[in-house]
Amino acid sequence: MPQSVDELIALLDLEEIEVGLYRARQPRSRLQRVFGGQVLAQALLAASRTVPAERTVHSLHAYFLVAGRTDMPIVYDVETVRDGGSFSSRRVVARQAGQVIFYLSASFHRLEEGYEHADPVPEGVPAPEDCPRLSDALARASGRASSAAWEEEWGAIDARYVGDSRLGGLPPDPEHPARARVWVRTSAPLPDDPRLHEAALAFISDLTLLSASTVPHGVLIGLDVQAASIDHAMWFHRPFRADEWLLYDQISPSANRALGLSTARLFQHGTLVSDVAQEGLIRPKRPRPPTSAS
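Since we're looking at a predicted model, the values are computed, not measured.

Rules used throughout
Residues numbered from 1 in each chain as written. Predicted model: local features only at pLDDT ≥ 70, side-chain atom pairs only at ≥ 80, totals over all residues. Heavy atoms only, no water. Helix = DSSP H or I, 4+ residues; strand = E, 2+ residues; numbered from the N terminus. Polar contact = N/O pair within 3.5 Å; in protein donor to acceptor, adjacent residues only side chain to side chain. Contact = heavy atoms within 4.5 Å. Buried < 20%, exposed > 50% of the residue type's maximum accessible area, 1.4 Å probe, protein only. Pairing = 2+ DSSP bridges. 1 Å grid on protein atoms, 1.4 Å probe; cavity = no way out; pocket = protein on both sides within 12 Å on 5 of 7 lines; lining within 4 Å. Points joined across faces, edges and corners; volume = space filled by probe spheres on them. Nonpolar A, V, L, I, M, F, W, Y, C, P; charged D, E, K, R; others polar. Axes fitted to C-alpha atoms, helices over the stretch in contact; angles between N-to-C directions. Phe/Tyr/Trp six-rings, centres within 6.5 Å; stacked < 30°, edge-to-face > 60°. UniProt positions renumbered as here; feature names shortened; annotations may be inferred.

## Examining the side chain of Asp 243
Then, number 1: Residue placement: Asp 243 occurs in the loop between strand E9 (225–236) and strand E10 (246–256).
Then, number 2: One polar contact links the side chain of Asp 243 to the main-chain amide nitrogen of Leu 190, over a distance of 2.8 Å.
Then, number 3: A polar contact of 2.9 Å, which involves the side chain of Asp 243, links it to the side chain of Arg 241.
Then, number 4: Setting aside residues no more than four positions away along its own chain, Asp 243 makes contact with Arg 185, Thr 186, Ala 188, Pro 189, Leu 190 and His 197.

Shown next, in the form of structure tokens:
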């Protein structure tokens, strides 16, 4: 995955093959499959390129169908569903080696004046500078001595661990047994392109959200759990910058039948800027039976 913001920007620089058809490069990675946030971000950017500049994305809904490979490019085919007086709708199909791996529907809106309200930012959250790096927290929780491998794959993202409802750091909330909070941003400044910031936030949003559904169970994705994003939805409420701190307030209302549902709110400078929802596979890994010596 991109180890720097420059690599992230390059990853999101799509090649236009023809009108509405884009090809995306792959990053260096040791992962066995493409990170879902990468496909989400690239598909959103592909859709955005076909929409008038004065219209901004306000919602997206996506399905991950097949795990993408990291050794070949992905092609994004954008369908112009509708351009109305205020809204534009796009549908994106992602293909790899001729196979459909992902669908995205996105809606874009011309800014209008209207009613205004928003949930308040949670109180008592420590500042990002007072929270450990997420990589360090994961290294401690997993018993691994170093977080270097995590940083190698996710160096473009600066994530700080606030806490969760199992290990502490959050006030008790009997109505929500599965809660987690992290501060997130890119690790260096991004250019002043709102669509690039929207894509970067989509990229970041897939990093920790599904993990919230495993919090009450004392397990870690990648160690005890086989995990995969299945669907992902985002609503963009207000302008933001992905290179400035965002509080990612995550709750999992349900886990059942190897599926976990997580919802989240993203706040910046005390203001709600985005809501996110995701359902994914959280299948317990079965221990391998011992092998007999030959």
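## Section: the side chain of Thr 214
Then, number 1: For Thr 214, the position within the fold is in the loop between helix H5 (194–205) and E9.
Then, number 2: Overall, Thr 214 belongs to the buried group, its relative accessible area being 6%.
Then, number 3: A polar atom in the side chain of Thr 214 sits 2.8 Å from the backbone oxygen of Ser 211.
Then, number 4: Leave out the neighbours within four places in its chain, and Thr 214 touches Val 219, Ile 221 and Ile 282.

## Focus on the pairing of strand E6 (residues 99–110)
Then, number 1: One ladder, built from nine bridges, connects strand E3 (residues 55–64) with E6; its direction is antiparallel. Considered in E6, the bridge of Leu 60 is made with Ala 106.
Then, number 2: The pairing of strand E5 (residues 87–96) with E6 spans ten bridges and is classified as antiparallel. If you follow Gln 96 over to E6, its bridge partner there is Gln 99.
Then, number 3: Here E5 folds back onto E6 in antiparallel fashion, the turn holding two residues, of which Ala 97 has a positive phi close to 55°.

## Focus: the environment of Ala 41
Then, number 1: Note on placement: Ala 41 falls in helix H2 (residues 36–48).
Then, number 2: Contacts of Ala 41, omitting those with residues within four sequence positions, involve Leu 12, Ala 199, Ala 202 and Phe 203.

## Points about the layout of surface pockets
Then, number 1: Estimated volume of the second largest pocket: approximately 870 Å³.
Then, number 2: Lining the second largest pocket are 29 residues, and of these Leu 111, Phe 236, His 237, Arg 238 and Pro 239 lie nearest its centre.
Then, number 3: Ranked by residue count, the leading element in the lining of the second largest pocket is H5, at four residues.
Then, number 4: Per-class residue counts for the lining of the second largest pocket are twelve nonpolar, seven polar and ten charged.

## Observations regarding the sheet that holds E6
Then, number 1: Reading across from one edge, E1-E2-E4-E5-E6-E3-E9-E12-E11-E10-E8-E7 is the order of the twelve strands in this open sheet, with antiparallel pairing throughout. The sheet is open, and its two edges are formed by strand E1 (15–18) and strand E7 (157–164), each paired on a single side. The average undirected angle you get between the axes of adjacent strands in this sheet is 25°.
Then, number 2: Pairing of strand E8 (residues 179–186) with E10 involves six bridges; the strand directions are antiparallel. Note that in E10 the partner of Arg 181 across the bridge is Asp 249.
Then, number 3: Running at roughly 50° to E6, H2 makes contact with strand E2 (21–24), E3, strand E4 (74–83), E5, E6 and E9 of the sheet.
Then, number 4: The strands touched by H5 are E3, E7, E8, E9, E10, strand E11 (259–268) and strand E12 (271–284); relative to E9, the strand with the most contacts, the crossing angle is about 150°.

## What to know about unusual backbone geometry
Then, number 1: The phi torsion at Arg 257 lies on the positive side, around 55°, for a residue other than glycine.
Then, number 2: When you line up the elements, Arg 257 lands in the loop between E10 and E11.
Then, number 3: For Arg 257, a relative accessible area of 72% gives the class exposed.
Then, number 4: For Ala 258, which is not glycine, the phi torsion reads 70° and is therefore positive.
Then, number 5: Summarising the element assignment, Ala 258 is placed in the loop between E10 and E11.

## Some remarks on the packing of aromatic side chains
Then, number 1: Applying the stated criterion across every chain, the model contains three aromatic pairs.
Then, number 2: Measuring from ring centre to ring centre gives 6.3 Å for Phe 236 and Phe 240, while their planes differ by 15°; the resulting arrangement is stacked.
Then, number 3: Residue Phe 236 is classed as buried on the basis of its relative accessible area, which comes to 8%.

## Remarks on the UniProt feature "domain: Acyl-CoA thioesterase 2 C-terminal" (unreviewed entry) in the protein
Then, number 1: Per the UniProt record, "domain: Acyl-CoA thioesterase 2 C-terminal" (unreviewed entry) is found at residues 180–281.
Then, number 2: Secondary structure content for residues 180–281 is 12% helix and 50% strand, and the end C-alpha separation is 18 Å.

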